[in-house]
Structures are given as C-alpha cells and as structure tokens.
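Residue-level structure breakdown
Listed below, chain by chain, are the residues.
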Amino acid sequence: MNINFVIPCLLGLESIIANEMKSLGAENVVSENGRVLFSGDEYLLARANICSRFSERIQILVGEFYARSFEELFQGTKKLPWEDWIGEYDAFPVKGYSINSALFSVSDCQAIIKKAVVERMKAKYNVSWFDETGPIHQIQFSIMKDKVSLLLDTSGMGLHKRGYRPVANAAPIKETLAASLCDLARLRPYHTLYDPMCGSGTILIEGAMMVHNIAPGVNRNFSAERWDIFDENIWTVERERARDLVNYDTDFVAFGSDIDETALEIAKENAKRAGVERKIKFEKCDIKDFKPQSEKGTVICNPPYGERLLDIEQAQKLYKIMGNKFEQKRGWAYYIISPSEEFEKEFGRKADKRRKLYNGMIKCQLYMYFK
Ligand SMILES: C[S@@+](CC[C@H](N)C(=O)[O-])C[C@H]1O[C@@H](n2cnc3c(N)ncnc32)[C@H](O)[C@@H]1O
C-alpha cells in the first residue's frame, strides 16, 4: 500500500523531522514551512509512530485542493476516496483550522467536510446512516491561503506522550522538543550529558533514550492500531524491530541537578519508567555550586524564562551565574534554550551559533557554545 504522509511540525524542527523520516525509510521527503511530507507503506506508518522522537503526530494525506466557496469545499472533499480508509462502522469526527483564507469559519468548514464525507460514504456503502461506533478515524483539515489539506490522524494522543512522564514539575519542556535539543547538540553514545536545571529530567531522559536507540513509542498505543484496514502484524513487526535495535552498551552517563527536591524525585521516577535510570545520576544542587564531574561534557538546559517560573530579573541573574559556571574549555559544549533576546549579554559570551525554535507558543533561541 502506498501512503502519502504529513507531519505537522513546530517551526524550526522541519529539517530534523525530515532527516529522521529519511533514516526510518521514508521516500519522497519534502519539508515545507511547518510540515514534512513523505510517502511509504503501512510498515512505515507503524514505524514512524513507534520510533519518531521529534514528531507530534503522523497523518495520512487523503487529498489537497483549493476552495474559495463552501460548494468547492464540499465537492473537493466528496471526490476523495474516504472509503479506502474509513469503514462502515468507524467514527470519523472532523476538526481543523483556517488561516488567511476566504473560508474562515472553522465550524462551517467542519460541518461541510463532515457532510461531504458522509455523502461519499453513503453512496459507497449503500446505507443512509452511520452509527460511528467503531475505532476513531480523526479527520483533520487545514485551510491555508485557500489550500485545503484533508488528513487522517494515525497517532491519537500526541507522540510527545511517551508514557514515562505521568506527572511533571512546573514548566516542563515537551519531550519532542527535548529530543530535538539533544539532536541539535549532536549527542552521541560516548558523551557525558549534564542538565543542571533538570526539573522532571526530560532532556536527560530523551538524551539517554536517543543514544541507546530506545524507541519512544514502543510501549504506547496509537489510534491506527485499531483500524481494520491494516494487518495488526505491522505493529508487532515494528515493535520487535525497535526492541532489537536497543543497545545499552555505551559509555554514556548523564548528570541531572536542580534546587527543587520534589522535581528530582519526579525525575528519578520518570527515568525508571523510561528504562534509563542506570544511566542518569541525580542530585540536589544550586546552579551556583555546579561542578562537573568529568573532563569533557555536553550541557543542555532549559532554565527558567521569567514567565512561568521566577521573574525576569531572577532569570537574568541565573543567566549570569550560568555564564560563569559554563566555562569556555576544550571538550565542553553548552546548549541553552531561552526566549530572552538579552541572553548572550547576561551570559557574557556571544553564542557560536543560534537557532530559532518554538517552545509551545514561546519564540525561543537555542544558544549554542561549542568552540
Ligand atoms: C523550566 S524548568 C526546567 C524543566 C525541565 N527541562 C523539565 O523538563 O522538567 C527550570 C528548572 O530550573 C530549576 N532552578 C531554578 N533555579 C535554580 C537554581 N538556582 N539552581 C538549580 N536549578 C534551578 C527549577 O527548579 C526548575 O526545575
């Protein structure tokens, strides 16, 4: 089965996700602003859901067309082969958004798309009513500058929900973003990783999972697992493949510290659930007393921004302390994500490289020091 896929991405993560999909075997990979497109078969569908560290969800692209009126939206939707994906008893709710388009009322678009899919399937299944008691096939639409994309979500819960972080401390970083920071820092199995403001431990856990090849979704379920059109074997095969690739035999060690004892307790529990507790050492420590225990190391951290935690002035004081503690030294690299435009001034050094990234809705920069 040849399937066209779309992954919606946070701005700044497109190329990381495109590379990841290529490494998983995707074909025709194209990255656009805010999304990555590719094609592959149903095994790739299962693999991408189980193995992707950086994606929020994997969607099937059912079709795309331009529409400037409700009639064009209705006819364009009705033309698409919905019955190839959705069975007679399946549930198919519709949601989406519209940006810079003639069709701006989301609730009207939603109703019209639903009606068009129903009309199409009535004719195909020769029925007049759908109970929708079966597995959910979430239809997602996006209308951007009049271009309508109709998608089916295969993931269900966002892929950042790995299952190891049932609770988090205040202001945790999303698992997918934490994994992206580790990728941008080119974290390797022979590295020593530090996060001296580790909170619930997300960066350290994602880093440890990445270098040991632990697939983030191997222990959770996905929406499309319940769909009849796919052989359930695809999920078993891909989970086994992912488990076979795990390799704990590395020199990797990570050190996490924080001033908040409760956060550290949460971090330890999370690391245990993720299967990486033997690789990470946690201790209570104020950043002002940060003292690395190795000759070389990579520091990745997400300090308080002065929004959800601390005020701006306190956050800036921390940046200054970090600048003193994170010495410019051979064998050391530092990656700090912050929304502050003043970060480099407070830190005391110009970054060797910067990269614009979004932490949810907050526009940030990843300040990278590696020289
Ligand atoms: C934005 S949170 C980090 C969240 C973390 N990345 C996670 O995923 O849970 C910032 C962390 O810095 C810690 N922190 C604040 N001031 C600190 C200090 N002076 N020394 C060490 N940690 C500090 C807070 O306790 C908090 O856990």
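Conventions we followed
- Residues numbered from 1 in each chain as written.
- Predicted model: local features only at pLDDT ≥ 70, side-chain atom pairs only at ≥ 80, totals over all residues.
- Helix = DSSP H or I, 4+ residues; strand = E, 2+ residues; numbered from the N terminus.
- Rg over C-alpha atoms; globule rule 2.2 N^0.38 Å.
- Buried ≥ 20, exposed ≤ 12 C-beta atoms within 10 Å, placed from the backbone.
- Pairing = 2+ DSSP bridges.
- Axes fitted to C-alpha atoms, helices over the stretch in contact; angles between N-to-C directions.
- Near = placed C-beta within 6 Å.
- Nonpolar A, V, L, I, M, F, W, Y, C, P; charged D, E, K, R; others polar.
- Contact = placed C-beta atoms within 7 Å.
- Left-handed = near helix turned anticlockwise from the far one by under 90°.
- Core = buried A, V, L, I, M, F, W, Y, C linked by C-beta atoms within 7 Å.
- Domains from an automatic or database assignment.

1. A few points about the overall build of the chain
Within the chain one finds 10 helices and 14 strands. Scaling as 2.2 N^0.38, a compact globule of 371 residues should have a C-alpha radius of gyration of about 21 Å, and the chain matches this with 23 Å. Projecting the C-alpha coordinates of the chain onto the three principal axes gives extents of approximately 70 × 45 × 35 Å. Looking at the chain as a whole, 40% of its 371 residues qualify as buried.

2. Focus: the sheet that holds strand E13 (residues 353–359)
One open sheet holds the seven strands; their spatial order is E10-E9-E8-E11-E12-E14-E13, and the pairing between them is mixed. Each having just a single partner strand, strand E10 (280–284) and E13 make up the two edges of the open sheet. Going from strand to strand, the sheet's axes swing by 20° on average, the running direction of each strand aside. Pairing analysis gives four bridges linking strand E8 (residues 192–195) to strand E9 (residues 253–258), with the strands arranged parallel. Its bridge partner lying in E9, Tyr194 is registered against Phe255.

3. Side note on the site of the ligand
Surrounding the ligand, one finds 22 residues, the nearest of these being Pro172, Met197, Gly199, Ser200 and Thr202. Considered class by class, the residues forming the shell around the ligand number 14 nonpolar, five polar and three charged.

4. Concerning the sheet that holds strand E4 (residues 59–66)
With mixed pairing, the seven strands of this open sheet are ordered in space as E2-E3-E1-E4-E7-E6-E5. Two strands in the sheet have a free side with no partner beyond their single neighbour: strand E2 (27–32) and strand E5 (94–99). Across the sheet, the mean angle separating the axes of adjacent strands is 30° when strand polarity is ignored. Two elements, E5 and strand E6 (residues 139–144), share six bridges in a ladder whose sense is parallel. In the sheet register, Gly96 faces E6, and the bridge partner there is Phe141. On the sheet, helix H1 (residues 14–23) packs against strand E1 (3–8), E2 and strand E3 (35–40) and is oriented at approximately 175° with respect to E2. Against the sheet, helix H4 (residues 106–125) contacts E5 and E6, and its axis sits at roughly 135° relative to E5.

5. Section: the packing of helix H5 (residues 175–184) against helix H6 (residues 202–211)
The contact between H5 and H6 brings their axes to 8 Å, and the two run at 60°. Judged by the twist between their axes, the crossing of H5 over H6 is right-handed. The residues of H6 that touch H5, namely those facing Glu175, Ala178, Ala179, Leu181 and Cys182, are Thr202, Ile203, Glu206, Gly207 and Met210. Tallied by class, the residues present in the contact of H5 with H6 amount to six nonpolar, two polar and two charged.

6. Focus: unusual backbone geometry
In the Ramachandran plot, Arg186 falls in the positive-phi region, its phi being about 50° despite a non-glycine side chain. Residue position: Arg186 is located in the loop between H5 and E8. By the C-beta count within 10 Å, which is 11 here, Arg186 ends up exposed. Here the phi dihedral of Asn213 falls at roughly 60°; this positive angle occurs in a residue that is not glycine. With respect to the secondary-structure elements, Asn213 resides in the loop between H6 and helix H7 (233–244).

7. What about the nonpolar core?
Ile17, Leu181, Cys182, Ile203, Ala208, Ile300 and Tyr335 are the most contacted members of the largest nonpolar core, which has 98 residues in total. Mapped onto the domain boundaries, this core takes at least three residues apiece from domain 1 (3–153) and domain 2 (175–214 + 246–369). In this structure, Tyr335 is in contact with Leu181, Leu184, Ala185, Val299, Ile300, Leu366 and Met368, ignoring residues within four places of it in sequence.

8. Considerations on the environment of Val94
By the secondary structure assignment, Val94 is in strand E5. Separated by 16 residues in sequence, Val94 and Gln110 place their C-alpha atoms 6.0 Å apart. Apart from residues no more than four positions distant in its own chain, Val94 is found in contact with Gln110, Ile113, Lys114, Ile139 and Phe141.

9. Some words on the domain arrangement of the chain
For the chain, the domain assignment lists domain 1 (3–153) and domain 2 (175–214 + 246–369). Averaged C-alpha coordinates put domain 1 and domain 2 at centres separated by 35 Å. The partner domain 2 presents 10 residues to the nine residues of domain 1 that form the contact.

10. Thoughts on the environment of Tyr66
With respect to the element layout, Tyr66 can be found in strand E4. Residue Tyr66 is classed as partly exposed on the basis of its 14 C-beta neighbours within 10 Å. Taking the C-alpha atoms as reference points, Tyr66 and Lys115, separated by 49 residues in sequence, lie 18 Å from one another. In this structure, Tyr66 is in contact with Asp146, Lys147 and Val148, ignoring residues within four places of it in sequence.

11. Topic: the environment of Ser52
With respect to the element layout, Ser52 can be found in the loop between helix H2 (42–51) and E4. Residue Ser52 is classed as buried on the basis of its 23 C-beta neighbours within 10 Å. Ser52 sits 305 residues away from Leu357 along the chain, and the two C-alpha atoms are 19 Å apart.

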